[in-house]
Amino acid sequence: MFESLSERLETAFKQIKGQGQITELNVASTVKEIRRALVDADVNYKIAKEFTDKVKEKALGEKVLNAISPGQLMVKVVQDELAELMGGTEEGLDLKTSPTVILIAGLQGSGKTTFSGKLARFLKQNRHKSPLLVAADVYRPAAIDQLKVLGEQIGIPVYHEPDQKDPVLIARNALKEAKTKGHNVIIIDTAGRLAVDEAMMTEVADIKAAVAPQEVLFVVDAMTGQDAVNTAKAFNERLDFTGVVLTKLDGDTRGGAALSIKYTVEKPIKFISMGEKLDTLDVFYPERMAQRILGMGDITTLVERA
Amino acid sequence: QKTKENFLGKIGRALAGKSTVDEEVLDNLEEALISADVGVDTTVKLIGRIEQRVADDKYLNTAELNTILQQEIAALLTDADSEDYRDFETPADKKPYVVLVVGVNGVGKTTTIGKLAYNFKKAGKSVVLGAADTFRAAAVDQLTVWSERTGVPIVKQAMGSDPGAVAYDAVRQGVATGADVVLIDTAGRLHNKIHLMDELGKIRRVIKKVLPDAPHEVLLVLDGSTGQNALEQARQFTAATEVTAIAVTKLDGTAKGGVVLAVANQFGIPVKYIGIGEKMEDLQVFNKFEFVDSLFSLDPSA
Ligand SMILES: Nc1nc2c(ncn2[C@@H]2O[C@H](COP(=O)(O)OP(=O)(O)OP(=O)(O)O)[C@@H](O)[C@H]2O)c(=O)[nH]1
Ligand SMILES: Nc1nc2c(ncn2[C@@H]2O[C@H](COP(=O)(O)OP(=O)(O)OP(=O)(O)O)[C@@H](O)[C@H]2O)c(=O)[nH]1
Ligand SMILES: [Mg+2]
Ligand SMILES: [Mg+2]
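Residues numbered from 1 in each chain as written. Chains lettered and ligands numbered in written order. Predicted model: local features only at pLDDT ≥ 70, side-chain atom pairs only at ≥ 80, totals over all residues. Heavy atoms only, no water.

A. Quick peek at the overall build of chain A. Each helix and strand in chain A was counted, giving 12 helices and eight strands. Buried residues in chain A amount to 60% of all 306 residues. Within chain A, contacts between residues separated by at least 24 positions form 77% of all contacts whose residues are at least 6 apart in sequence. Split by element, the accessible area of chain A, about 12,300 Å² in all, is 48% carbon and sulfur. (Helix = DSSP H or I, 4+ residues; strand = E, 2+ residues; numbered from the N terminus. Buried < 20%, exposed > 50% of the residue type's maximum accessible area, 1.4 Å probe, protein only. Contact = heavy atoms within 4.5 Å. Areas by Shrake-Rupley, 256 points an atom, 1.4 Å probe, with all protein chains shown as cover.)

B. Structural detail: the site of ligand 1. What surrounds ligand 1 is a group of 23 residues, the closest being A:Lys112, A:Thr113, A:Thr114, A:Arg140 and A:Asp250. Flanking ligand 1 are residues from chains A and B. At 2.8 Å, a backbone N or O of A:Gly111 approaches an oxygen atom of ligand 1. Note that an oxygen atom of ligand 1 is positioned 2.9 Å from one of the side-chain N or O atoms of A:Glu276. Protein contacts shield 96% of the accessible area of ligand 1, which totals 650 Å² for the unbound molecule. (Near = heavy atom within 4 Å. Polar contact = N/O pair within 3.5 Å; in protein donor to acceptor, adjacent residues only side chain to side chain.)

C. Representation of the interface of chain A and chain B within the structure. Contact with chain A, which involves 34 residues of that partner, is made by 41 residues of chain B. Between chain A and chain B lies a buried interface of about 3,400 Å² when both sides are counted; carbon and sulfur atoms form 55% of it. Of all residues in chain A, the largest losses of buried area upon contact with chain B belong to A:Tyr45, A:Met223 and A:Glu276, amounting jointly to 19% of the total for that side. The salt bridge involving A:Asp250 is made with B:Lys193; its shortest N-O contact spans 2.4 Å. Between the two partners, chain A and chain B, sit 16 residue pairs in polar contact (both at pLDDT 80 or more). Listing elements by their share of the side of chain A that touches chain B, those giving two or more residues are helix H2 (24–40), helix H3 (45–61), helix H6 (143–154) and helix H9 (228–239) of chain A. In terms of residues, the side of chain A that touches chain B owes the most to one element, H6(A), which gives four residues. (Buried area = accessible area lost by both parts, 1.4 Å probe. Salt bridge = Lys/Arg side-chain N within 4 Å of Asp/Glu carboxyl O.)

D. Fine view of the pairing of strand E5 (residues 217–223) of chain B. Residue and element names in this part refer to chain B. Burial of E5 is extensive: seven of the seven residues sit out of reach of the surface. Residues Glu217, Leu219, Val221 and Asp223 of E5 are buried on one face, and the alternating residues Val218, Leu220 and Leu222, pointing to the opposite face, are buried as well. Sheet topology places strand E1 (residues 97–102) next to E5; four bridges connect them, and they run parallel. Across the sheet, Val101 pairs through a bridge with Leu219, a residue of E5. For E5 and strand E6 (residues 245–249), the ladder comprises five bridges, and the chain directions are parallel. Looking across to E6, one finds that Asp223 is bridged to Thr249. (Pairing = 2+ DSSP bridges.)

E. The nonpolar core, seen in detail. The biggest cluster of nonpolar side chains holds 90 residues, and the ones touching the most others in it are B:Ile73, B:Leu129, B:Leu183, B:Ile184, B:Ile207 and B:Tyr273. Excluding anything up to four places from it in sequence, B:Leu129 contacts B:Ile113, B:Ala117, B:Leu143, B:Ser147, B:Val152, B:Pro153, B:Ile154, B:Val155 and B:Leu183. Counting residues in each nonpolar core, the second largest holds 73 residues, with A:Ala83, A:Ile188, A:Leu249 and A:Ala257 among its members. (Core = buried A, V, L, I, M, F, W, Y, C linked by side-chain atoms within 4.5 Å.)

F. Spatial organisation of helix H8 (residues 194–210) of chain B. All names here are of chain B. Compared with the 24 Å implied by 1.5 Å per residue over 17 residues, the 26 Å span of H8 between its first and last C-alpha is a close match. All buried positions along H8 are accounted for by Met197, Leu200, Gly201, Ile203, Arg204, Val206 and Ile207. Looking at the buried positions of H8, the neighbouring elements they touch are E1, helix H7 (163–176), strand E4 (181–186), E5 and helix H9 (229–241). (Expected span 1.5 Å × (residues − 1).)

G. Examining the side chain of B:Lys109 more closely. Its place among the elements puts B:Lys109 in helix H5 (residues 109–122). Once residues within four sequence positions are removed from consideration, B:Lys109 is found in contact with B:Val101, B:Val102, B:Gly103, B:Val104, B:Asp185, B:Thr186, B:Ala187, B:Gly188 and B:Val221.

H. Structural detail: the sheet that holds strand E8 (residues 281–283) of chain A. All names here are of chain A. With respect to topology, eight strands assemble into an open sheet ordered E3-E2-E4-E1-E5-E6-E7-E8, the strand pairing being mixed. Looking at which strands have only one partner, the edges of the open sheet turn out to be strand E3 (158–159) and E8. Two elements, strand E5 (residues 215–221) and strand E6 (residues 243–247), share five bridges in a ladder whose sense is parallel. Each residue of the ladder has a partner; that of Val219, found in E6, is Val245. Helix-sheet contacts for H6 involve strand E2 (131–136), E3 and strand E4 (185–190), and the interaxial angle to E2 is about 165 degrees. (Axes fitted to C-alpha atoms, helices over the stretch in contact; angles between N-to-C directions.)

I. Highlighting the site of ligand 2. Lining the immediate environment of ligand 2, one finds 22 residues, of which B:Lys109, B:Thr110, B:Thr111, B:Arg136 and B:Glu278 sit closest. Among the chains of the assembly, those with residues near ligand 2 are chains A and B. For ligand 2, an oxygen atom lies 3.5 Å from a polar atom in the backbone of B:Gly188. Residue B:Asp252 places a side-chain N or O atom 2.8 Å away from a nitrogen atom belonging to ligand 2. Computed on the free molecule, ligand 2 has an accessible area of 650 Å², of which 97% lies beneath the protein chains in the complex.

J. Empty space enclosed by the protein, seen in detail. This model, assessed by the stated rule, comprises two cavities of 30 Å³ or more. By volume, the largest cavity amounts to about 90 Å³. Lining the largest cavity are A:Lys32, A:Arg35, A:Arg36, A:Val39, A:Tyr45, B:Glu30, B:Ile34, B:Val40, B:Thr43 and B:Val44. When contributions to the lining of the largest cavity are tallied by element, the ones reaching two or more residues are H2 of chain A together with helix H2 (23–35) and helix H3 (40–57) of chain B. Among the elements that line the lining of the largest cavity, the one with the most residues is H2(A), at four residues. For the lining of the largest cavity, the class distribution of residues is five nonpolar, one polar and four charged. (1 Å grid on protein atoms, 1.4 Å probe; cavity = no way out; pocket = protein on both sides within 12 Å on 5 of 7 lines; lining within 4 Å. Points joined across faces, edges and corners; volume = space filled by probe spheres on them. Nonpolar A, V, L, I, M, F, W, Y, C, P; charged D, E, K, R; others polar.)

K. Structural view of the side chain of B:Ser161. All names here are of chain B. Secondary-structure assignment places Ser161 in the loop between strand E3 (154–155) and H7. At a separation of 2.5 Å, a polar atom in the side chain of Ser161 contacts the main-chain carbonyl oxygen of Ala158. Sequence-distant contacts of Ser161, that is, excluding residues within four places in its chain, are made with Thr134 and Val166.

L. View of the packing of aromatic side chains. Evaluated as defined, the whole model comprises eight aromatic pairs over all chains. The interplanar angle of 50 degrees and the centroid separation of 5.8 Å between the aromatic rings of A:Phe115 and A:Phe271 together place this pair among those described as tilted. Here A:Phe115 is found in helix H5 (residues 112–127), whereas its partner A:Phe271 is found in strand E7 (residues 269–273), with 156 residues between them in sequence. Under the relative-accessibility criterion, A:Phe271 is labelled buried at 5%. With a centroid separation of 6.1 Å and 85 degrees between ring planes, the pair formed by B:Tyr85 and B:Tyr273 is classed as edge-to-face. Here B:Tyr273 lies in strand E7 (residues 271–275) and B:Tyr85 lies in the loop between helix H4 (62–76) and E1, a separation of 188 residues in the sequence. By way of ring pairs, the aromatic residues B:Tyr85, B:Phe88, B:Phe120 and B:Tyr273 are connected into one cluster. The ring centre of B:Trp146 lies 4.6 Å from the NZ or CZ of B:Arg149, which sits over that ring. A cation over a ring is seen here: B:Lys272 above B:Tyr85, with NZ or CZ 4.7 Å from the ring centre. (Phe/Tyr/Trp six-rings, centres within 6.5 Å; stacked < 30°, edge-to-face > 60°. Lys NZ or Arg CZ within 6 Å of the ring centre and 35° of its normal.)

So this is what it looks like as structure tokens:
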């Protein structure tokens with residue numbers, strides 16, 4: 001999709017070398033190139049700026065200037081910093097409480113309902129739980145049917161109230177039902193909402209208050225652009241979510257939004273969703289995401305060659 | 001409530017007491033464009049053109065810079081070849097006017113079809129919906145709700161049936177009933193999945209068996225909050241189905257949809273509609289000057 005960062009940097013450094021000595025001054029132009037690559041990958045502009053300032057400092061310390069292949073060493077520095085920023089080790093769900101309440105929220109069409117199905121399947125198969133799915137989207141046409149179809153596919157019951165227009169009540173009743181029927185996890189699928197929609201944001205905060213979830217997962221489309229930061233911040237302010245789910249990573253997006261969200265709200269990315277089928281859920285690997293944002297395969301061999 | 005500041009206001013201040021557009025002004029401009037998802041390439045190109053214009057026109061005040069900016073950005077957008085669509089008119093010699101709606105997952109295809117059905121009907125046209133998303137859970141039910149809401153007939157088959165067959169039936173029914181417009185919904189698909197993209201080509205060919213010049217329009221729906229990936233979406237969908245127009249959805253959020261500038265410019269595809277909500281009234285015919293205006297207005301985080 002885009003020229004890889006390492007190629008771009010090699011070209012930039014070659015030009016500099018042609019002019020004679022590499023100086024701190026012309027490293028600045030390379031940093032600019034890194035910034036552009038990040039922004040091309042949908043990393044937030046301001047974050048990309050702060051990030052590259054840090055990289056510059058570190059790169060100068062690591063004597064990039066004297067390296068045989070400064071471009072590749074620079075890529076290595078960026079890669080390491082990115083991976084660190086994307087956040088250390090994988091973080092699981094807190095499943096100690098029974099029933100564990102998991103609330104799913106996010107923008108329209110981000111993949112919440114699909115993820116709810118995937119998570120239920122995952123918890124049943126991999127954690128031997130007995131989940132209850134809850135259809136708390138009372139707005140989108142056929143939202144309840146959609147969750148019911150998914151529930152059938154994986155053999156997991158779906159709590160729904162066809163005539164109930166208040167999702168807070170649905171969530172509360174579902175929790176009661178889970179307790180009577182002995183489900184040890186409930187997953188509440190909510191309607192898509194915009195962060196600027198005051199009434200809808202209050203609604204989801206009310207759902208949270210009513211069921212006191214152990215996990216609130218913010219579902220975000222990996223193709224999201226610069227606005228990811230504003231959205232994540234707004235959802236976090238209202239919901240103080242416990243983790244992020246990145247969806248549609250089976251596409252070819254670089255997924256820079258992941259970095260922006262992580263950087264802004266400092267919450268772990270817990271799952272990645274990579275397909276429409278319900279068995280396409282994975283835990284999140286920070287290094288892989290870092291490589292993806294930069295647009296390169298095997299960085300290690302590149303650096304070794306350098 | 002947070003105070004919102006118009007980007008042009010920022011530029012204005014940066015310019016106060018200056019007679020030339022300097023580095024700082026251009027940096028601010030760059031930030032505003034990139035923050036709206038316009039993308040690096042298009043931003044760099046735009047800034048270059050503005051520098052050029054400023055030099056040529058002996059730019060004097062901020063009002064003039066604003067005008068130049070608007071003109072340069074609007075110039076990137078392709079105009080649609082007919083103005084008829086503004087009143088939801090369809091060409092007399094294309095009846096039924098067949099619209100195939102395509103795009104990646106969750107962008108708003110089905111909802112946009114509901115809104116279009118509402119608007120065409122309001123303009124006095126008879127409409128048929130074709131439920132050719134037979135894949136996603138309850139996709140047919142969703143379109144059925146829209147058909148009920150708008151009072152427009154729907155052609156559908158069981159889930160899992162061949163989408164081409166549904167499209168074929170829908171166009172046939174459109175012809176048989178003398179309908180003015182046939183709107184065909186398709187399953188969301190990521191543009192990097194070859195077999196799914198091939199399926200679109202197949203749907204197209206099947207439609208042609210009923211009406212050789214159909215589909216008259218292939219409407220690519222793009223989510224307004226999508227970043228640079230929208231370019232790749234446009235490239236792949238254009239290659240597979242000869243996209244003729246774009247609808248940008250979810251512009252009621254804070255996303256600016258700036259990537260549309262790059263898409264429209266690079267592929268010469270006009271933006272026809274924008275989605276600004278989830279209700280059937282929430283569709284607008286695209287106005288490029290308003291759009292350009294909105295690109296610069298109101299960064300809520302500012
Ligand atoms: N390719 C791909 N498609 C996905 C993924 N996750 C969800 N989808 C698709 O994206 C579309 C939207 O998914 P939904 O689960 O309905 O999204 P939602 O957030 O519940 O949508 P609303 O309830 O309308 O806000 C559907 O077509 C899904 O099949 C994914 O990881 N990869
Ligand atoms: N706020 C807002 N939401 C929208 C708009 N257009 C669509 N939506 C919402 O986005 C979500 C997805 O819309 P759909 O019409 O189901 O999208 P789709 O492209 O048909 O999805 P798939 O068929 O699953 O690929 C729904 O919750 C819609 O209500 C819009 O203009 N503004
Ligand atoms: Mg949903
Ligand atoms: Mg659809």
